[in-house]
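One letter stands for each residue in the lines below.
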Amino acid sequence: MISRFTIATAILAAATQTVAFAPANKHAVLSSSTSINMGPPIDPSAPVTETYGEGSRKYRRTVYTHNEWVKHRSSDRFVSNLTTLTGSGIYKNIGKEVLATTSVAAFVWAWNFVSGGYEDFSGVMHDPLIASKWATEIGLPLTIFTTLSPSLGLLLVFRTNASYNRWDEARKFWGLNINHTRDLNRMATAWYGNDSSPGSASAPKQIAKAIDPAEREYLLGQVSLFTWAFVRSMKRHLSPPDEDEEDYIAELKSRLSPEQADAIISATHRPNRALFDLSVVIEKLPMHFMRKNEINKNLSIFEDTLGGSERLLSSPVPLFYSRHTARFISIWLLFLPFALYGQFGDSWNHIMMIPASLLISVFLFGIEELATQLEEPFTILPMQGFCDKIGANCDEIVSWAGQDVYKIPEEVIEQMEMERPELEMKSNLALLGGEVEEDVVEEPKKKRKILKKLLRIGEGM
């Protein structure tokens with residue numbers, strides 16, 4: 001007959017081996033699962049060497065294209081996700097917590113096994129291995145946990161929602177950067193050399209005047225460069241120094257002049273310095289100041305996205321909320337095996353309560369871990385990819401032909417020259433708050449009336 005202690009030892013060893021998510025060597029080599037890793041510059045053929053923890057965050061900076069969306073919607077996604085369950089970086093990151101919960105479950109099972117009697121493999125019941133009045137089965141009523149479950153659920157929902165909103169806000173900030181960098185360079189390119197105010201009757205010869213191509217290429221190239229320098233400095237500002245500092249300095253020195261690069265690199269607040277340099281370049285563009293004001297509105301938006309990102313980076317979800325949630329879920333899961341033991345009486349010696357405790361702890365600790373990983377969004381956003389895209393887009397936009405290339409026919413110029421004084425009188429009268437009739441500029445006498453009205457309005461001001 002098999003020894004009771006041999007049976008107990010074998011079962012306990014098998015139970016403790018069910019912990020599949022305990023952390024192993026986090027530097028184990030693993031091939032990348034996506035073809036679009038837009039983090040720091042890395043060799044795409046190099047294997048992923050950190051599968052979980054802080055080092056793995058740079059491999060989560062994926063950008064979807066149509067191919068990735070097709071795979072994302074695939075009907076095989078459930079099978080694929082289940083087969084990669086034990087390789088998940090999220091689950092490996094909570095390996096210690098899951099191991100602790102499963103160890104408590106294994107202890108509860110083993111103690112009740114030796115103190116409350118057991119059933120052998122033949123289905124025969126045996127007396128307790130420890131015959132003592134103090135050696136009794138341990139357990140807790142399940143009511144305690146069912147009562148606390150709604151509260152725990154609310155805490156986890158609020159925690160994950162707050163963290164996701166932070167990630168979403170950071171992504172929208174970078175979306176604004178992408179949109180308004182394009183807008184800035186588009187306006188600078190299209191308005192280059194236009195000294196007229198927006199909406200006025202511009203002198204066509206003034207618009208079509210010859211522009212020095214070399215000067216135009218240089219100034220617009222500077223606009224593109226410093227636009228890129230700003231977003232690249234913002235990316236560095238929001239990234240860990242040990243990850244991005246060397247690449248940042250190398251990129252700036254490769255694209256900017258030594259003086260320009262050194263001025264930004266040596267600045268205390270690099271994004272502000274890059275934004276200042278961009279403002280100076282915009283001020284040098286030959287165009288009407290009202291057009292420059294329109295372009296400078298984009299720079300104010302850049303300040304907003306930079307300030308909002310700094311707020312997210314420096315201000316986490318209130319620590320007392322995160323700590324209370326972590327303590328709540330830890331205590332709830334560590335004591336759950338005491339209540340689950342009686343619920344699995346139909347299984348052999350209640351053995352199924354151990355894998356049940358493991359799975360419950362994996363999923364609940366996993367929810368809290370997801371919230372923690374999302375809470376600081378910048379090291380999982382593909383900011384390097386955004387910067388590269390912005391740089392390429394801006395370089396392309398400033399290479400397009402501006403107004404100086406599109407010549408106005410001579411007959412159109414003559415007609416506009418004839419109409420220009422009348423249109424300007426209408427425009428000036430409207431600016432001063434007066435009203436003008438539709439046909440008032442058709443007769444010379446009525447033109448004089450307009451001038452007199454302009455003088456009266458000017459004297460009243």
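Residues numbered from 1 in each chain as written. Predicted model: local features only at pLDDT ≥ 70, side-chain atom pairs only at ≥ 80, totals over all residues. Heavy atoms only, no water.

## Quick word on the overall build of the chain
Part 1: Counting secondary structure elements, the chain contains 17 helices and two strands.
Part 2: Looking at the 461 residues of the chain, the share that counts as buried comes to 41%.
Part 3: Relative to all contacts within the chain whose residues are 6 or more apart in sequence, the contacts with residues 24 or more apart total 77%. (Helix = DSSP H or I, 4+ residues; strand = E, 2+ residues; numbered from the N terminus. Buried < 20%, exposed > 50% of the residue type's maximum accessible area, 1.4 Å probe, protein only. Contact = heavy atoms within 4.5 Å.)

## Overview of the confidence of the model for the chain
Part 1: Residue-level pLDDT values for the chain average 80, and 71% of them are 70 or greater.
Part 2: For the stretch residues 1-42, pLDDT sits under 50, and the model shows 87 contacts to residues farther than four places along the chain or on other chains.
Part 3: In this model residues 201-208 is a low-confidence stretch, pLDDT under 50, and it forms 18 contacts with partners more than four residues away in sequence or in other chains. (pLDDT = per-residue confidence, 0-100.)

## Considering the pattern of salt bridges
Any two side chains of opposite charge can pair, given that their charged atoms come close.
Part 1: Per the stated rule, a full pass over the model turns up 13 salt bridges.
Part 2: Between Arg311 and Glu169 there is a salt bridge, and its shortest N-O distance comes to 2.6 Å. Here Arg311, found in helix 12 (residues 289-314), pairs with Glu169, found in helix 6 (residues 143-191); they are 142 residues apart in sequence, far enough to count as distant.
Part 3: Salt-bridge contacts for Glu251 lead to Arg232; the nearest nitrogen and oxygen are separated by 3.0 Å. Highlighted residues: Glu251 in helix 9 (residues 241-255) and Arg232 in helix 8 (residues 213-237), separated in sequence by 19 residues. (Salt bridge = Lys/Arg side-chain N within 4 Å of Asp/Glu carboxyl O.)

## Some words on the packing of helix 5 (residues 95-115) against helix 14 (residues 353-375)
Part 1: Contact pair helix 5 / helix 14: the axes reach a minimum separation of 9 Å and the direction vectors enclose 155°. As far as their axial angle goes, helix 14 and helix 5 are roughly antiparallel. Every pair of crossing elements has a handedness; the one defined by helix 5 and helix 14 is right-handed. Between helix 5 and helix 14, the contacting residues are Glu97, Val98, Thr101, Thr102, Ala105, Ala106, Val108 and Trp109 on the first element and Met353, Ile354, Ser357, Leu358, Ser361, Val362 and Phe365 on the second.
Part 2: Of the residues that constitute the contact of helix 5 with helix 14, the class distribution is ten nonpolar, four polar and one charged. (Axes fitted to C-alpha atoms, helices over the stretch in contact; angles between N-to-C directions. Parallel < 35°, antiparallel > 145°, perpendicular 65-115°, else oblique. Left-handed = near helix turned anticlockwise from the far one by under 90°. Nonpolar A, V, L, I, M, F, W, Y, C, P; charged D, E, K, R; others polar.)

## Quick word on the environment of Ser163
Part 1: Structurally, Ser163 can be placed in helix 6.
Part 2: According to the relative accessible area criterion, Ser163 is buried, its value standing at 0%.
Part 3: Not counting the four nearest positions on each side in its chain, Ser163 is found in contact with Ala371, Leu374 and Glu375.
Part 4: Among the polar contacts made by the side chain of Ser163, one reaches the main-chain carbonyl oxygen of Ala371 at a distance of 2.8 Å. (Polar contact = N/O pair within 3.5 Å; in protein donor to acceptor, adjacent residues only side chain to side chain.)

## Observations regarding the environment of Pro382
Part 1: Along the chain, Pro382 falls in the loop between helix 14 and helix 15 (383-398).
Part 2: C-alpha of Pro382 to C-alpha of Arg171: the two residues are 211 residues apart in sequence and 9.5 Å apart in space.

## Points about a nonpolar patch on the surface
Part 1: Together, Leu140, Ile144, Leu148, Ile331, Leu334 and Phe335 make up an exposed nonpolar region whose accessible area comes to about 490 Å².
Part 2: Put simply, the parts of the chain that give the nonpolar patch at least two residues each are helix 6 and helix 13 (319-340).
Part 3: Relative to the helices and strands, Phe335 resides in helix 13.
Part 4: What makes Phe335 partly exposed here is its relative accessible area of 43%. (Patch = residues over 30% accessible without salt bridge, like charges linked within 9 Å, V, L, I, M, F, W, Y side chains within 5 Å. Areas by Shrake-Rupley, 256 points an atom, 1.4 Å probe, with all protein chains shown as cover.)

## Topic: the nonpolar core
Part 1: Core analysis: the largest hydrophobic core is formed by 47 residues, its most contacted members being Trp174 and Leu278.
Part 2: Top contributing element to this core by residue count: helix 8, with ten residues.
Part 3: The residues touching Leu278, leaving out its near neighbours within four places in the chain, are Leu184, Val223, Phe226, Thr227, Leu299 and Phe302. (Core = buried A, V, L, I, M, F, W, Y, C linked by side-chain atoms within 4.5 Å.)

## Digging into helix 13
Part 1: The terminal C-alpha atoms of helix 13 lie 31 Å apart, and with 22 residues this matches the ideal 32 Å at 1.5 Å per residue to within 8%.
Part 2: Where helix 13 bends most, at Leu334, the angle is about 30°, and the proline Pro337 comes one to four residues later.
Part 3: Regarding helix 13, the residues found buried are Ser322, Thr325, Phe328, Ile329, Trp332, Leu333, Leu336, Pro337, Phe338, Ala339 and Leu340.
Part 4: Buried residues in helix 13 make contact with helix 5, helix 6 and helix 14. (Expected span 1.5 Å × (residues − 1). Bend = angle between axes of the 7 residues up to and from the residue.)

## Here's the deal with the packing of aromatic side chains
Part 1: The full count for this structure, using the stated rule, is nine aromatic pairs.
Part 2: Ring centres of Phe113 and Tyr118 lie 4.7 Å apart, and the angle between their planes is 25°; on these two criteria the pair is classed as stacked.
Part 3: A ring pair is formed by Phe230 and Phe302, whose centres lie 5.2 Å apart and whose planes are at 25°; its orientation type is stacked. Highlighted residues: Phe230 in helix 8 and Phe302 in helix 12, separated in sequence by 72 residues.
Part 4: A relative accessible area of 0% places Phe230 in the buried class.
Part 5: Geometry around Trp191 places Arg291 over its ring, the cationic atom sitting 5.2 Å from the centre. (Phe/Tyr/Trp six-rings, centres within 6.5 Å; stacked < 30°, edge-to-face > 60°. Lys NZ or Arg CZ within 6 Å of the ring centre and 35° of its normal.)

## Remarks on the side chain of Lys292
Part 1: The topology assignment puts Lys292 in helix 12.
Part 2: The side chain of Lys292 is buried and forms no salt bridge, while Glu283, the nearest opposite charge, is found at 4.0 Å.
Part 3: Setting aside residues up to four positions removed in sequence, Lys292 forms contacts with Ile282, Glu283, Leu285 and Met287. (Lys, Arg positive; Asp, Glu negative; His and termini not counted.)

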